[in-house]
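Structure assessment
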Amino acid sequence: RRFAHERVVAVRREVRALEALDAGADVGARLQAAGDAFLEVERYVNLNVTAVRKLLKKHDKVLPERPCAAFYTARMHDMRWVRNDYSDVVVRLSRLYAARAPAAAPADGPRGVVDERSFVRATTKYWVRSDDLSAVKLAISRHLPVLVSGGRVTEGESKDSQLVNSVYLDSPSLELYHGRLAKLPGAVALRLRWYGTGEPEEVFVERKTHRDAWTGDASVKERFRVLPGDVPRLLRAEYEPPADLPAAERRLAREVQRLVSTKRLVPTVRSQCHRTAFQLAHTNAVRASIDTNLCLINEVQREDDDHAPEQGRWYRDAARSIPSSDLTRFPFAVLELKLALAEADDLPAWLRPVLASGALAPVHKFSKFVHGCAVLLPDEVQAMPYWVDDPALAPSIRATGAS
């Protein structure tokens, strides 16, 4: 642990020196070397962690009366690297790359303004092994800076990612799940999303509508804000949008409540992850996000369940334990590439080596909502997504008690 920490301290020292140089200085080689040194430390840590895990597994198999794997695994989980105490290095390297990139003029609107309320994108998704995670982050951050919430990043602060919670709504028969799984034209996903730790301060109500590309229409995501205290009223279709809300958002709020009422939608599955987002300030033509520590939680309230959230709550109380059958931890990070390019546009040149690196496993139409329903509510689903048969997912699925 001390060796790895000292090597990262050396990388930070080099990053600090690079930050002190003039923006016009030619430091490309030094930036590359700093990133490579950071990845070398990660490979060293991952190799040793894998070796120790194998030794512990062998020990407990040979000496079952003296098990020690659980104790030492808990110690490893307390390591700085596992706690993500070094994520500031990725952010600071990303900023150095961005500061020295050729300036590009924004195509539309003032610099830094990106309309996120309603947008159209082509999205592709990939699974990323934990061993390849930092390499993929650095490869992307050389061209798309990390979007950081909270301003300045200092040494030792884990601010390359933000906690994201999304509660997905569905009917008792999982009508929305089956529509999204089959990719039916007009299939809808409806979720309540908030950012950060603790109780939500504001909630985004988001509706995603699927359209087949061959029809000429594109899938669309729309959203509007509500206060957390307004969510129960929205779920009862009794929410009255504020008069100062834009007309399009007021119309969306009415349509969402009509959908909730007619299809009897209730909180069904929640996804929770740490998201690292990458995007240029002047354009959202290419955007990337990486979700790590992804877990999916059953949010269906049962009348005979002593652990069900109390009346009026629309997501589980964090103070209460969650049964293993209601929780599944996804074993990969999930990379999303979102492209808002015209048909005549080609992929950015820098993106091709990342896709061809072998570190990304493409998973066509992967959905956290669909995966959560399939694994946590197997008795209600009538069809399963193809990716649940992947052997790499078997241990995480078995841990819930599902077959």
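Here the structure is shown first, and the text comes after it.
In short, a report on the structure. Owing to the predicted nature of the structure, the values given are computational and were not obtained by experimental measurement.

Considering the packing of helix α2 (residues 28–62) against helix α3 (residues 69–77)
- Relative to each other, α2 and α3 sit at 165°, their axes nearing to 9 Å. Of the possible angle classes, the one that applies to α2 and α3 is roughly antiparallel. In the crossing of α2 with α3, the sense of the turn from one axis to the other is left-handed. Counted together, Val-49, Val-52, Arg-53, Leu-56 and Asp-60 of α2 and Ala-69, Tyr-72, Thr-73, Met-76 and His-77 of α3 form the full contact between these two elements.

Topic: the pairing of strand β4 (residues 162–170)
- Extensive coverage of β4 is indicated by the burial of eight of its nine residues.
- As paired elements, β4 and strand β5 (residues 188–195) share six bridges and run antiparallel to each other. Looking across to β5, one finds that Val-167 is bridged to Leu-192.

A look at the packing of aromatic side chains
- Scanning all chains against the criterion turns up 14 aromatic pairs.
- Between Tyr-386 and Trp-387 the ring centres are 5.4 Å apart and the planes differ by 80°, which places this aromatic pair in the edge-to-face class.
- For Tyr-386, a relative accessible area of 49% corresponds to the partly exposed category.
- For Trp-387, a relative accessible area of 5% corresponds to the buried category.
- Through a chain of ring-to-ring contacts, the aromatic side chains of Trp-127, Phe-330, Phe-332, Phe-366, Tyr-386 and Trp-387 assemble into a single cluster.
- Its guanidinium or amino end placed over the ring of Phe-204, Arg-223 lies 4.1 Å from that ring's centre, counting from NZ or CZ.
- A cation over a ring is seen here: Arg-313 above Tyr-315, with NZ or CZ 4.6 Å from the ring centre.

What to know about the pattern of salt bridges
- Tallied over the entire structure, the rule returns 20 salt bridges.
- The closest approach of N and O atoms between Asp-291 and Arg-275, which form a salt bridge, is 2.7 Å. Placement of Asp-291 in strand β9 (residues 286–298) and of Arg-275 in strand β8 (residues 266–279) is noted, with a sequence separation of 16 residues between them. With respect to class, Asp-291 is no different from Arg-275; both count as buried.
- Overlapping salt bridges, with partners in common, bring together Arg-12, Glu-19, Asp-88 and Arg-92 in one network.

Quick word on the nonpolar core
- Judged by nonpolar contacts, the single largest core of 48 residues is most densely connected at Trp-127 and Phe-224.
- Among the elements that line this core, the one with the most residues is helix α10 (residues 368–376), at six residues.
- Apart from residues lying up to four places away in sequence, Trp-127 is in contact with Phe-330, Phe-332, Ala-333, Val-334, Ala-359, Leu-360, Ala-361, Val-363, Phe-366, Trp-387, Asp-390 and Leu-393.
- Core analysis: the next-biggest nonpolar cluster, separate from the first, contains 23 residues, Val-11, Leu-39, Val-45 and Tyr-86 among them.

Brief notes about helix α8 (residues 247–263)
- Taking 1.5 Å per residue as the helical rise, α8 with its 17 residues ought to reach 24 Å, and the 24 Å between its terminal C-alpha atoms agrees with that figure.
- Each element contacted by the buried residues of α8 is listed here: β4, β5, β6 (203–209), β7 (220–226) and α7 (231–235).
- Phi turns positive, to about 55°, at Arg-264, one or two residues after α8.

A short note on the pairing of strand β11 (residues 333–339)
- Most of β11 sits inside the fold, with seven of its seven residues counted as buried.
- Burial along β11 is two-sided: Ala-333, Leu-335, Leu-337 and Leu-339 and Val-334, Glu-336 and Lys-338, pointing in opposite directions, are all buried.
- With seven bridges connecting them, strand β2 (residues 122–128) and β11 associate as antiparallel partners. Paired with Val-128 across the strands is Ala-333, a residue of β11.
- Here β9 pairs with β11 via six bridges, running antiparallel.

A closer look at the side chain of Arg-313
- Mapped onto the secondary structure, Arg-313 falls in the loop between β9 and β10 (327–329).
- The buried charged residue Arg-313 lacks any salt bridge, with Glu-199 as its nearest oppositely charged partner at 4.1 Å.
- From its side chain, Arg-313 meets the backbone oxygen of Tyr-315 in a polar contact 3.1 Å long.
- Discounting chain neighbours no more than four positions away, the residues touching Arg-313 are Glu-199 and Gln-301.

Here's the deal with helix α1 (residues 2–20)
- End to end, α1 covers 27 Å across 19 residues, agreeing with the expected 27 Å (1.5 Å per residue, within 8%).
- Those residues of α1 that fall on the buried side of the exposure criterion are Ala-4, Val-8, Val-11, Arg-12, Val-15 and Leu-18. Projection of α1 onto a plane perpendicular to its axis shows the buried side chains occupying an angular sector of 115°, all on one side. Among the exposed residues of α1, those pointing more than 90 degrees away from its buried face are Arg-2 and Ala-20.
- Buried residues belonging to α1 abut α2 and α4 (87–100).

Examining unusual backbone geometry
- Look at Leu-174: it is not a glycine, yet its phi comes out positive at around 55°.
- With respect to the element layout, Leu-174 can be found in the loop between β4 and α6 (175–182).
- On the accessibility criterion, Leu-174 (2% relative accessible area) is buried.

About the thresholds
- Residues numbered from 1 in each chain as written.
- Predicted model: local features only at pLDDT ≥ 70, side-chain atom pairs only at ≥ 80, totals over all residues.
- Heavy atoms only, no water.
- Axes fitted to C-alpha atoms, helices over the stretch in contact; angles between N-to-C directions.
- Helix = DSSP H or I, 4+ residues; strand = E, 2+ residues; numbered from the N terminus.
- Parallel < 35°, antiparallel > 145°, perpendicular 65-115°, else oblique.
- Left-handed = near helix turned anticlockwise from the far one by under 90°.
- Contact = heavy atoms within 4.5 Å.
- Buried < 20%, exposed > 50% of the residue type's maximum accessible area, 1.4 Å probe, protein only.
- Pairing = 2+ DSSP bridges.
- Phe/Tyr/Trp six-rings, centres within 6.5 Å; stacked < 30°, edge-to-face > 60°.
- Lys NZ or Arg CZ within 6 Å of the ring centre and 35° of its normal.
- Salt bridge = Lys/Arg side-chain N within 4 Å of Asp/Glu carboxyl O.
- Core = buried A, V, L, I, M, F, W, Y, C linked by side-chain atoms within 4.5 Å.
- Expected span 1.5 Å × (residues − 1).
- Lys, Arg positive; Asp, Glu negative; His and termini not counted.
- Polar contact = N/O pair within 3.5 Å; in protein donor to acceptor, adjacent residues only side chain to side chain.
- Arc of directions from axis to C-beta.

What is shown is where atoms sit, not what they do.
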